[in-house]
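Structural features, examined
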Amino acid sequence: MTSGSPNVEALLEKMGQELQALIAQRNIEDPLMVGIHTGGVWLAERLHTQLGLESPLGVLDISFYRDDFTQVGLNPKVKPSQLPAATEGRHVLLVDDVILSGRTIRAAMNELFDYGRPASVTLITLLDLKRRELPIQADVVGGTLTLGADQVVKLTGPEPLELEIRNRP
């Protein structure tokens, strides 16, 4: 882990407590937690266990929903999304590792709505990098991080979960 990187375990503990309070405040029963492939799934697995949720965990691979598909090409490791139930009328807890522009979240929501219209979508993210291109914000955030223009952050895992801050190649 790069020196000065946030501690993932501490952020997850904080996020779990905030999420539990939010679920209670909104009177949400049996939410459907969905992680965005790859880092969001690792975090969702941990939060799902921490909260003791009953519904199985869902996984989204948003590769076909990205708006930069024609510019960057298709991820060679595309995997099918796996939702254990329809999203129709469900309270969905959508988990991703980092929110930057908001475009990944937009793509994930487009895919979620293809499975049905959720009652609500609560966005949970480990880090907010505060460089939006779309008006999307997380409901539960582990922490914020300001990076230089030449830096990127990457969640590695699944065991151990660590954040790496490095310079762009």
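Before reading further, recall that the structure is shown in the block above.
Residues numbered from 1 in each chain as written. Predicted model: local features only at pLDDT ≥ 70, side-chain atom pairs only at ≥ 80, totals over all residues. Heavy atoms only, no water.

Across the sheet, five strands lie side by side as β2-β1-β3-β4-β5; this open sheet has parallel pairing. Two strands bound the open sheet, and with one partner strand each, they are β2 (58–60) and β5 (140–144). Strand after strand, the sheet turns through a mean of 25 degrees between neighbouring axes, direction not considered. Across the sheet, helix α1 (residues 8–25) is in contact with β1 (32–36), β3 (91–99), β4 (120–128) and β5; its angle to β5 comes to roughly 150 degrees. (Pairing = 2+ DSSP bridges. Helix = DSSP H or I, 4+ residues; strand = E, 2+ residues; numbered from the N terminus. Axes fitted to C-alpha atoms, helices over the stretch in contact; angles between N-to-C directions. Contact = heavy atoms within 4.5 Å.)

Now for the environment of E159. Within the element layout of this structure, E159 appears in the loop between β6 (151–156) and β7 (162–167). The class of E159 is exposed, set by a relative accessible area of 64%. Between the alpha carbons of E159 and W42 there is a distance of 9.0 Å; along the sequence they are 117 residues apart. (Buried < 20%, exposed > 50% of the residue type's maximum accessible area, 1.4 Å probe, protein only.)

Topologically, E111 is positioned in helix α4 (residues 103–114). Of the buried charged residues, E111 lacks a salt bridge, with R106 as the closest side chain of opposite charge at 10 Å. Look past the residues within four positions of E111 in its chain and what remains in contact with it is L60, D61, I62, Y65 and S81. (Lys, Arg positive; Asp, Glu negative; His and termini not counted. Salt bridge = Lys/Arg side-chain N within 4 Å of Asp/Glu carboxyl O.)

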